Each structure stands twice: as C-alpha cells, then as structure tokens.
Amino acid sequence: MIKTGKEHLSQLRDGRVVYIGDEKIDDVTTHPAFEKAAQKVAELYDIKHQEIYKDVLSYEENGELCSTWFLQAKNKSDLRKRSKAHKVIADQTSGMMGRSMDHVASFVTGMSTNPDIFDSGKYKFKENLLNYYKYMKKNDVFASYAVVPPQAARNPEFYQKQNLPIPTLSVVEENKKGVIISGMKMLATSAVFANEIWIGNLVPLAPDQIKQAITCAIPCNIEGLSLWMRQPLSTHYDNQFDSPLSWNMDETDVLVMCDKVFVPWDRIFVMDDAILAREIYIKTPAHCYGNHQANVRYWSKMELITGLCNKIAKATGADQIPAVRETLGKMSSLEANLSGMIHGQIEAAETWPNNHMTFNRRMMYAALNWCTENYTPIVDELRTLCGGGVFQMPASINVMKNEKLKKDFETYFQTPQMDAKSRMKLFKLAWDVVGSEFAGRQQQYEKFYAGASFIIKNHSYRETPWDYFDGVVDSLMDKYDLPEN
Ligand SMILES: Cc1cc2nc3c(=O)[nH]c(=O)nc-3n(C[C@H](O)[C@H](O)[C@H](O)COP(=O)(O)OP(=O)(O)OC[C@H]3O[C@@H](n4cnc5c(N)ncnc54)[C@H](O)[C@@H]3O)c2cc1C
C-alpha cells in the first residue's frame, strides 16, 4: 500500500513518549514544536498519490502499489527509478530533511537483497529480516534508526569499576518470547515522525561487546521507550516568511532511551555477534542504497544553494563583478560535480549481490566523502556573498503591519534590483541556510550524518581494489629496469 499523509499523521497519535526538557508531549502532530514539520512529512506521503509522481514514487507488485524505496533493483533502470524517487522526495524539502521515509527503508531493502548473511551467525534471523522488509513495504512504514552508541560512553570499564549501569543500549535479559533491552542510543533523527526505530550498530564494536550487538526494530510507542528531543528549532518564529526552513523542516533529533523495552524474537535481526552487527550494512547493499539517498538529498540542497548564490549576487549587484562571477561559476561546477557522481553510480552500477544490481559503491562513498568535506566551504561561499545584508533586514516582516514602518520599509529597502519585500524574503531564506539555528543544525548534520569523516574515508579504503592500483604501478615499472651499463 501507499499511505496518505492523513493516515500517517493518525499513526503518530499512538501514545509515544517524547520529552522536550521535562515537558511530556501528548500529541506530536499538534504540539507547536512538531506540528508544522509533521504536516511536511504528511505532504511527502501525499505526493505519492499525485498523478505526476505516481510512476516515480511507486511501483506495482502483486497488484499492490508500493513505495519505490522498497524496490529491489535488478537492473540499471530500477536503480534509476530509485534515484529519481529520492530526488522527488528531497526536492520537496530542498534536501533539508535527511531522514525522510526513503532513508532507513532503503537500508532494509538493501539488506533484503542479500538476506543470507542474517543466517551466518549463531542465530538464524534471515526470515525475520525478510518478514520485516515485507511488513515495511506492505504498510508503507516510516522507520528511523539509532545505530550509534552515546558519545563518550563507549568504554564500559569506567561504569563497571563503579558498579554503574552501562549507558549504552544492550540486552539485559533474555527469555522464550524475546529480549529486554535497556540503555541509550545517541540519536535518532525523525523518530518523532516515524512509525519504528531500527536499533543497531553501524560503528564497529569490540568483539566482546556482545550484549550491545543487538539489532532489532521497535515501534515508537513501545512501553519503556522515551525520545528526548534536543532544543526545537521552529518555535522561535510566528510566520514562515521570517524563517522559511526552520518553520516546517525541523526533522528533529532525539536521544533514544530504553528502560526495559521488550523486543519479541521476530523483530531481532542480530544478537550476540559484534562483528555481524556491523557487517549487515556493508556486506549487503544496505549502506549503499541508504547513502545513495543521502547523496541525492544533498544534491537537492546543492541546487538550492547554487540558486541562492546567484540570486543574492544579483540582489546586491555584485553579479556584475568578474571575481563574483568566478565564484558563481565555481558553485555551478560543484553542483555539477555532485550530479555527475550521482549519475555515475548508476552508469557504473555493480552486479551484486546475486541477481541484483547496486549503485557503484566506491563512487557512492566518494560522493559521501565529498559531501561531508565540502558542506562548510560551500555554505561559506553563500555566507560571503550575503555580506551584512542579512542583518540589515528588520527582525520580522511584521513591520508591514504598521503603516508608518511599512511605508519606510517599502521606500528605503527597495533597490534598483528588487522591491523591499522580495529582497527581505530572499535574505531571510539565505540566513536560514547560512546562519540561523536551523542552519547550524544542518551544518552539524552534514558533517556527521554518515559518521565522522574518518569513518567515511575508511569505507572508501575498504572498497578500493588496491591490487588493481598496485598493478597499474607495477605494470609501468615492469617496462624498465636497471640501466644496461
Ligand atoms: C544532526 C545529527 C543527526 C544525527 N542523526 C542520527 C541518526 O538518525 N541515527 C544515528 O544513529 N545517529 C545519528 N547521528 C549521530 C552520528 O551518527 C554521530 O554523530 C557520528 O557517528 C559521529 O559520532 P559522535 O558524534 O559520537 O562523534 P565522535 O565519534 O565522538 O567524534 C567526535 C570528533 O572526534 C573525532 N574522532 C573521534 N575518533 C577519532 C578517530 N579514531 N580518528 C580521528 N578522529 C576521531 C571525529 O572525527 C569527530 O570530529 C546524528 C548526528 C547529528 C549531528
């Protein structure tokens, strides 16, 4: 099935426990910190029902429509379809909602194309994984994930020495029906708006951290689970004009706290196996499917930033200056770089695993690394082009409500290029990309969403055919030797 926005919102009214500080939220679809972003999420479900997007965002399987991110790619055309679907979703938020419903779903779909790995340890969980994939697909489930232990709590020794509970989420009890988990996971973006949380370990564990190696899925309203929200970003504003992105695109980040949460056996995918807990992401196309989505999502953002650079330069009149045109040319080439890296992943797709096809892994990791390393300098180009214009604008467009202020604003803030209102609208949007609290969170997100930068580079290292590159050097060196005399 493909859900409607209304159906999804009604599923979020399920008694989930969300805290902002000590405030317990009754309904995330109506609370001021969440309601507008919840509506945005609902829109993402609704566009699947629009005739123009139906073909891209869904496919038919056994007479039922399914969301494209559940498509197991058999050829390049399937990969292209997946990629286009991510782009349509990302374009609705200009790439500002990274953990849209197509992200974790892509991980699980990637796993489903190589499920044997789930049978490779002590436990046999292949059927669990396949059933979970089918369940997600059938019910158009929105899952978020929490796959990193809480920061600075990764060494259990400190806690053990003092007889304190280890904060990192782990299995504390096991019985016939399932396991009990307690402890924290660092963050789950979008969990507030999701149906489920995938709990796992994308960061390598020490081989003896077996009780932390649990990989499972839990509903967001399960007993014992609470979601601790960071400072919300949309509540400082009373209109969208003043802060267009903060207004309805705070996708939320919550710490995941489990206090004796029961997980039935059929929702467990890895147990007591620290190595397998991570391998399920990289020995299946999970990481590749999921992070292709991340690349495409960033591309939507890149298009917005490139356009903003050009419009801001025109607004300040600097676009006529040769040095500024060079900057604009550079921004355009950066956007094209990323677009090329995304298309390349499809053109150079890998026939893997079994009868499936996957985006080119090395190119995907290269794009991921490029995105992580370049976000700060890219945003800084826009910041530089803005100059002080962002602070020349009044605090709020509410100036238009006062006749005297309105007259002065419209008279003095107009320029040869633009009327006052359009100018303020543009600069407020630019500020939400470069300087607001929302912008700061985006910067942190782009640096860390796929792990710290050294982790991403290690993925590239792992996927590199070093023998091939060594061979290139060897075959050149084989063509000459010691001089004859
Ligand atoms: C906005 C946001 C949203 C997030 N959403 C999610 C989510 O939905 N699900 C989820 O599971 N996680 C999420 N995360 C967490 C994210 O996965 C982690 O932030 C990331 O893996 C880095 O871990 P850390 O924050 O603990 O940093 P640390 O590992 O503590 O690293 C801190 C700094 O130290 C450096 N460092 C640490 N160790 C080394 C080393 N060995 N070599 C070199 N440098 C090192 C790092 O490069 C980094 O600069 C999110 C994070 C952010 C910021």
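From a predicted model like this one, the values you see are computed outputs, not experimental measurements.

Asks: I'm lost on the overall build of the protein chain in this one. Help?
Replies: Per the secondary structure count, the protein chain includes 18 helices and 14 strands. In terms of overall dimensions, the protein chain is globule-like: its C-alpha atoms have a radius of gyration of 24 Å, near the 23 Å expected for 485 residues. The burial tally for the protein chain puts 43% of its 485 residues in the buried class.

Asks: Before we go on, may I ask you to explain the environment of W228 in this structure?
Replies: Mapped onto the fold, W228 is located in strand β10 (residues 225-229). In this structure W228 comes out as partly exposed when scored by C-beta crowding, with 16 C-beta atoms within 10 Å. Residues W228 and V104, 124 residues apart in the sequence, show an inter-C-alpha distance of 20 Å. Not counting the four nearest positions on each side in its chain, W228 is found in contact with Y19, V254, L255 and M257.

Asks: Explain the site of the ligand here, please?
Replies: Q151, T189, Y445, F448 and A452 are the nearest of the 21 residues found near the ligand. Counting only elements with at least two residues in the shell around the ligand, the list comes to β5 (143-146), β7 (178-189), α16 (437-448) and α17 (453-463). Grouping the amino acids of the shell around the ligand by side-chain chemistry returns 12 nonpolar, 6 polar and 3 charged.

Asks: Hey, could you run me through the nonpolar core in this one?
Replies: A143, I197 and L382 are the most contacted members of the largest nonpolar core, which totals 128 residues. Considering every element that reaches this core, the biggest residue donor is helix α10 (residues 286-316), with 14 residues. Ignoring any residue separated from it by four or fewer positions in sequence, one finds A143 in contact with V104, A105, M136, A194, N195, E196, I197, W198 and A217.

Asks: Which parts of the structure should I look at to understand the pairing of strand β8 (residues 196-199)?
Replies: Two faces make up the sheet, and in a regular strand the side chains alternate between them. In β8, alternate side chains face the same way, and those of E196 and W198 on one face and I197 and I199 on the other are all buried. Of the pairings in the sheet, the one linking β8 to strand β9 (residues 215-219) comprises 4 bridges and is antiparallel in character. Opposite I197, over in β9, you have I218 as the bridge partner.

Asks: Is there a simple way to think about the sheet that holds strand β12 (residues 268-270) in this case?
Replies: Strands belonging to one sheet form pairs held by backbone hydrogen bonds; the direction of such a pair is parallel or antiparallel. Reading across from one edge, β5-β8-β9-β12 is the order of the 4 strands in this open sheet, with mixed pairing throughout. This sheet does not close on itself; its edge strands, each paired only once, are β5 and β12. Taking the axes of each pair of neighbouring strands and ignoring which way they run, one obtains an average angle of 25 degrees across the sheet. Sheet topology note: the β9/β12 ladder contains 2 bridges and is antiparallel. Residue T215 lies in a different strand from β12, and its bridge partner there is V270.

Asks: What's the story with the sheet that holds β7 in this structure? I'm lost.
Replies: Strand order in the open sheet made by the 6 strands is β2-β1-β10-β11-β7-β6, with mixed pairing throughout. The open sheet has two edge strands with one neighbour each: β2 (23-25) and β6 (170-174). Averaged over neighbouring strand pairs, the angle between their axes works out to 20 degrees when direction is ignored. In this structure, β7 lies alongside strand β11 (residues 253-264), joined through 9 bridges in antiparallel fashion. By the bridge assignment, M184 is partnered in β11 with M257.

Asks: When you look at the pairing of strand β4 (residues 64-67) in this model, what are you seeing that I'm missing?
Replies: Across 4 bridges, strand β3 (residues 58-61) lies against β4 in antiparallel orientation. Across the sheet, Y59 pairs through a bridge with C66, a residue of β4. With antiparallel pairing between neighbouring strands as the criterion, β3 and β4 make up a hairpin whose turn holds 2 residues, including N62 at a positive phi of roughly 50 degrees.

Cut-off values and rules
Residues numbered from 1 in each chain as written. Predicted model: local features only at pLDDT ≥ 70, side-chain atom pairs only at ≥ 80, totals over all residues. Helix = DSSP H or I, 4+ residues; strand = E, 2+ residues; numbered from the N terminus. Rg over C-alpha atoms; globule rule 2.2 N^0.38 Å. Buried ≥ 20, exposed ≤ 12 C-beta atoms within 10 Å, placed from the backbone. Contact = placed C-beta atoms within 7 Å. Near = placed C-beta within 6 Å. Nonpolar A, V, L, I, M, F, W, Y, C, P; charged D, E, K, R; others polar. Core = buried A, V, L, I, M, F, W, Y, C linked by C-beta atoms within 7 Å. Pairing = 2+ DSSP bridges. Axes fitted to C-alpha atoms, helices over the stretch in contact; angles between N-to-C directions.

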